[in-house]
Amino acid sequence: MTEAVIIGTGLHPFGRFPGKPAMDMGADAVRMALADAGVNWPQIQGGYVGSFEVANPDAIVGRLGLTGVPLRGVFNGCATAGTAVAMAARAIETGEHDLTIAIGMDKHPRGAFAADPSVAGIPSWYGQTGLFLTTHFFGMKINRYMHDHGISHETLARVAAKNFGNAAGNEKAWRRTPLTVEEILASPVLNYPLRQFMYCGPDEGAAAVVMCRADQAHKYTTTTPIRVRATALRSRRFGAFEVQSPSVPVGEPVPSPTVDASRAAYEQAGIGPEDVDIAQLQDTDAGSEIIHMAENGLCKDGEQERLIAEGATEIGGRLPVNTDGGLLGNGEPIGASGLRQIHEIVLQLRGTAGTRQVPGTPRVGYTHLYGAPGVSAVTILST
């Protein structure tokens, strides 16, 4: 099978941009990715574009050029970008295309995401009791996890402080004001035990990634091509406790789809968690980053308390996590969020991440997405 490599990335800043449509942000990100790859838009043979708010994201061709390119719209909740990346890579691996692109964009209104539970096949009482709120779900999930595995409130605050601190060094991040552990712990409780500054927020932004056949990368760019070692996507199994699962059966707990996606990705890449040099994990809230460290095999349940206290997940630590600020620092425009993760890993593996560059020579990067109704996407990249 032909190997796919990333030769270009583009990232529109995340935040709030009054008067600028999501489509324009997406076009800007594509132009940056094309320039980075040394490619012109008419050379792109196929692509995948994702968005939650934009009904027809493939209409972006109107901003880029009407070349007849097959550009497929995709949506898979917070795993949308992971899905787009996987499909763009697969088109190269199977020989369908030699040069592809993955694009994501979104422009969310202020406030939490809202919807009628019926669209997810859930009865109305689930929403009436507040369980359809993601903030409520994540609060319940980390509260139980803290009880079972000895995670403290201070550790939650340390995760948030780390990510806001990392975002301060990222000129394209939304929330760039560092916060101390004490300031975070003093903020209002929204859904116990999670506080105001422990949640990410919906916002606006766009990103794009250009890929090609590994044996053709030299035709386009002189920068180091980044190998797509694995892409894996898994939905929830019966009995898993997920965002849109109103109940679970009695008995042995069923692993999260993150566990399944992670194991599949490691097997596909032919490596293990011990080989990962840098990770981007879905930190919808501070508790999610903690849980996802274990679900992705990067530590055992409960080890996070010690690792985070020791600074292991800091930029200079043994396993840096969310070096660009993650969702806490960048917010989450759903269609673009996972491509932001890929962009950061590419910069880190190239050694061009500036003040937030991980020391040494990172060779393996890991990205993870998790979203409703219970779906996870994992991508493993390497030099």
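Figured I'd write up the structure that's included with this text. (Residues numbered from 1 in each chain as written. Predicted model: local features only at pLDDT ≥ 70, side-chain atom pairs only at ≥ 80, totals over all residues. Heavy atoms only, no water.)

The contact between helix α5 (residues 134-149) and helix α9 (residues 286-295) brings their axes to 9 Å, and the two run at 60°. On the basis of the axis angle, α5 is oblique to α9. Of the two possible hands of crossing, α5 and α9 adopt the one that is left-handed. Facing α5, whose interface residues are F138, K141, I142 and Y145, α9 presents G287, S288, I290, I291, A294 and E295. (Axes fitted to C-alpha atoms, helices over the stretch in contact; angles between N-to-C directions. Helix = DSSP H or I, 4+ residues; strand = E, 2+ residues; numbered from the N terminus. Parallel < 35°, antiparallel > 145°, perpendicular 65-115°, else oblique. Left-handed = near helix turned anticlockwise from the far one by under 90°. Contact = heavy atoms within 4.5 Å.)

Here we take up the environment of F75. Within the secondary structure layout, F75 lies in the loop between β3 (71-74) and α3 (80-93). For the pair F75 and A37, spaced 38 residues apart in the sequence, the C-alpha separation amounts to 25 Å. Setting aside anything within four residues of it in sequence, one finds F75 in contact with S51, F52, T80 and I334.

This structure, assessed with the given rule, holds five aromatic pairs. Through a chain of ring-to-ring contacts, three or more aromatic side chains come together here, namely F137, F138, F241 and Y370. Above the plane of the ring of W174 lies R175, whose end atom (NZ or CZ) is 4.6 Å from the centre. (Phe/Tyr/Trp six-rings, centres within 6.5 Å; stacked < 30°, edge-to-face > 60°. Lys NZ or Arg CZ within 6 Å of the ring centre and 35° of its normal.)

As a working rule, side chains carrying opposite charge can pair if their charged atoms are close by. Scanning all chains against the criterion turns up 17 salt bridges. The shortest N-O distance in the salt bridge between E289 and K162 comes to 3.0 Å. You can see E289 sitting in helix α9 and its partner K162 sitting in helix α6 (residues 153-167), a full 127 residues away along the chain. Its relative accessible area of 0% is what places E289 among the buried residues. Look at K162 and you get buried, because its relative accessible area is 5%. Residue R356 pairs with E344 through a salt bridge whose shortest N-O separation is 2.9 Å. In this pair, R356 is assigned in the loop between α12 (334-350) and β10 (364-371) and E344 in helix α12, connecting sequence segments 12 residues apart. (Salt bridge = Lys/Arg side-chain N within 4 Å of Asp/Glu carboxyl O. Buried < 20%, exposed > 50% of the residue type's maximum accessible area, 1.4 Å probe, protein only.)

What follows is about the side chain of R16. Inspection of the secondary structure assignment puts R16 in the loop between β1 (4-15) and α1 (22-37). At 2.4 Å, the side chain of R16 and the backbone oxygen of H108 are in polar contact. Within the structure, R16 has its side chain in polar contact with the side chain of E204 (distance 3.5 Å). Contact partners of R16, with chain neighbours within four places excluded, come to H108, P109, R110, W174, P202, D203 and E204. (Polar contact = N/O pair within 3.5 Å; in protein donor to acceptor, adjacent residues only side chain to side chain.)

Strands sit in the order β3-β2-β4-β7-β1-β8-β11-β10-β9 across an open sheet of nine strands; the sheet is mixed. Every other strand in the sheet has two partners, leaving β3 and β9 (278-280) as the edge strands with one partner each. Looking at each pair of strands side by side, their axes are set apart by 20° on average, direction ignored. Both β1 and strand β7 (residues 204-213) contribute to a ladder of nine bridges, which runs antiparallel. When the bridges of β7 are listed, G10 appears paired with A208. This element, α3, spans β1, β2 (46-50), β3, β4 (99-107), β7, β8 (226-235), β10 and β11 (375-382) of the sheet and lies at about 170° to β4. Lying on the sheet, α12 is in contact with β1, β2, β4, β7, β8, β9, β10 and β11; it crosses β1 at an angle near 120°. (Pairing = 2+ DSSP bridges.)

Attention now goes to α1. With 16 residues, α1 extends 23 Å from end C-alpha to end C-alpha; this agrees with the ideal 22 Å at 1.5 Å per step. Looking only at α1, the buried set comprises A22, M23, M25, G26, A27, A29, V30, A33, L34 and A37. Tucked inside the fold, the buried residues of α1 contact β1, α2 (61-64), β4 and β7. At the exit of α1 stands G38, carrying a positive phi of roughly 75°. (Expected span 1.5 Å × (residues − 1).)

Let's shift gears to the pairing of β11. The buried count for β11 comes to eight of eight residues, which makes it a mostly enclosed element. Strand direction decides the pairing type here: β8 and β11, joined by eight bridges, are antiparallel. For L233, the partnering residue across the bridge sits in β11 and is A377. Note that β10 and β11 share eight bridges and pair antiparallel. The partner of H368 across the bridge, within β11, is V378. Between β10 and the antiparallel strand that follows it, β11, lie three residues; G374 among them carries a positive phi value of about 140°.

Before going further, it helps to examine unusual backbone geometry. Of the consecutive residues Y192 and P193, the connecting peptide bond is found in the cis state with omega at 5°. A cis geometry characterises the amide bond from A372 onward to P373, with omega recorded as 0°. Within the secondary structure layout, P373 lies in the loop between β10 and β11.

Once that is clear, we can look at a nonpolar patch on the surface. A surface patch of nonpolar side chains, amounting to about 280 Å² of accessible area, comprises F52, F75 and F113. Within the fold, F52 resides in the loop between β2 and α2. (Patch = residues over 30% accessible without salt bridge, like charges linked within 9 Å, V, L, I, M, F, W, Y side chains within 5 Å. Areas by Shrake-Rupley, 256 points an atom, 1.4 Å probe, with all protein chains shown as cover.)

By themselves these figures say nothing about function.
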